[in-house]
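Report on the structure
Okay, here's what each chain looks like letter by letter:
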Amino acid sequence: MSDVLIYSSNFCPFCVMAKRLLDKKGVAYHEINVDSQPHLRQEMMEKTKRRTVPQIYIGDHHVGGFDDLALLERKKQLDGLLIKQPEQEPIHD
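Attention here is on the structure that accompanies the text. All of these numbers come straight from a predicted model, not from anything done at the bench.

1. Observations regarding helix 2 (residues 38-48)
- Three or more residues of helix 2 are buried, namely Leu 40, Met 44, Met 45 and Thr 48. Viewed along the axis of helix 2, the buried residues span an arc of 145°, placing them on a single side of the element. More than 90 degrees from the buried face of helix 2, the exposed residues found are His 39 and Glu 46.
- Note on helix 2: the residue one or two positions beyond its end, Lys 49, has a positive phi of about 65°.

2. With respect to the packing of aromatic side chains
- Per the counting criterion, the structure on display carries one aromatic pair.
- When the ring centre of Tyr 57 is taken as reference, the NZ or CZ atom of Lys 47 above it lies at 4.4 Å.

3. Remarks on the sheet that holds strand 1 (residues 4-8)
- The strand order 2-1-3-4 describes an open sheet built from four strands, whose pairing is mixed. The sheet terminates laterally at strand 2 (30-33) and strand 4 (61-64), the two strands that pair on one side only. Geometrically, the sheet is characterised by an average inter-axis angle of 20° between neighbouring strands, direction not taken into account.
- The sheet contacts of helix 2 involve strand 1, strand 2, strand 3 (55-58) and strand 4, and relative to strand 1 the element is tilted by about 120°.
- Running at roughly 100° to strand 4, helix 3 (residues 66-74) makes contact with strand 3 and strand 4 of the sheet.

4. Focus on the pairing of strand 3
- With burial as the criterion, each face of strand 3 is covered, one bearing Gln 55 and Tyr 57 and the other bearing Ile 56 and Ile 58.
- Here strand 1 runs beside strand 3; their pairing, made up of four bridges, is antiparallel. Within the sheet, the bridge partner assigned to Val 4 lies in strand 3 and is Ile 58.
- Remark: two residues form the turn of the hairpin made by strand 3 and strand 4, two consecutive strands paired antiparallel; Gly 59 in that turn has positive phi of roughly 60°.

5. As for the side chain of Thr 48
- Within the secondary structure layout, Thr 48 lies in helix 2.
- Classification of Thr 48 by relative accessible area gives buried; the value is 7%.
- A polar contact of 3.1 Å, which involves the side chain of Thr 48, links it to the backbone nitrogen of Arg 50.
- Contacts of Thr 48, omitting those with residues within four sequence positions, involve Gln 55, Tyr 57 and His 62.

Each value, and the rule that gives it
Residues numbered from 1 in each chain as written. Predicted model: local features only at pLDDT ≥ 70, side-chain atom pairs only at ≥ 80, totals over all residues. Heavy atoms only, no water. Buried < 20%, exposed > 50% of the residue type's maximum accessible area, 1.4 Å probe, protein only. Helix = DSSP H or I, 4+ residues; strand = E, 2+ residues; numbered from the N terminus. Arc of directions from axis to C-beta. Phe/Tyr/Trp six-rings, centres within 6.5 Å; stacked < 30°, edge-to-face > 60°. Lys NZ or Arg CZ within 6 Å of the ring centre and 35° of its normal. Pairing = 2+ DSSP bridges. Axes fitted to C-alpha atoms, helices over the stretch in contact; angles between N-to-C directions. Contact = heavy atoms within 4.5 Å. Polar contact = N/O pair within 3.5 Å; in protein donor to acceptor, adjacent residues only side chain to side chain.

Written out as structure tokens, the structure reads:
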């Protein structure tokens with residue numbers, strides 16, 4: 001599985017919904033609460049160019065917020081992002 005990172009805040013219903021969706025799929029994630037560490041909100045905004053939470057990363061791929069995550073699920077594309085691709089061995093002749 002790819003590493004999942006969620007920037008979140010307290011009392012954020014979209015954060016709760018994003019975490020519920022990932023929990024339902026059995027996906028572990030690392031959560032960074034930007035309320036308890038305000039300097040991380042600035043880091044999030046610089047990294048994502050967005051001010052709202054949640055902001056979700058799957059591996060190096062910036063998914064966006066809950067609406068973006070839910071859309072991937074509806075389009076049946078979320079599982080493909082969550083599955084970590086194995087490193088391929090170089091082919092030698």
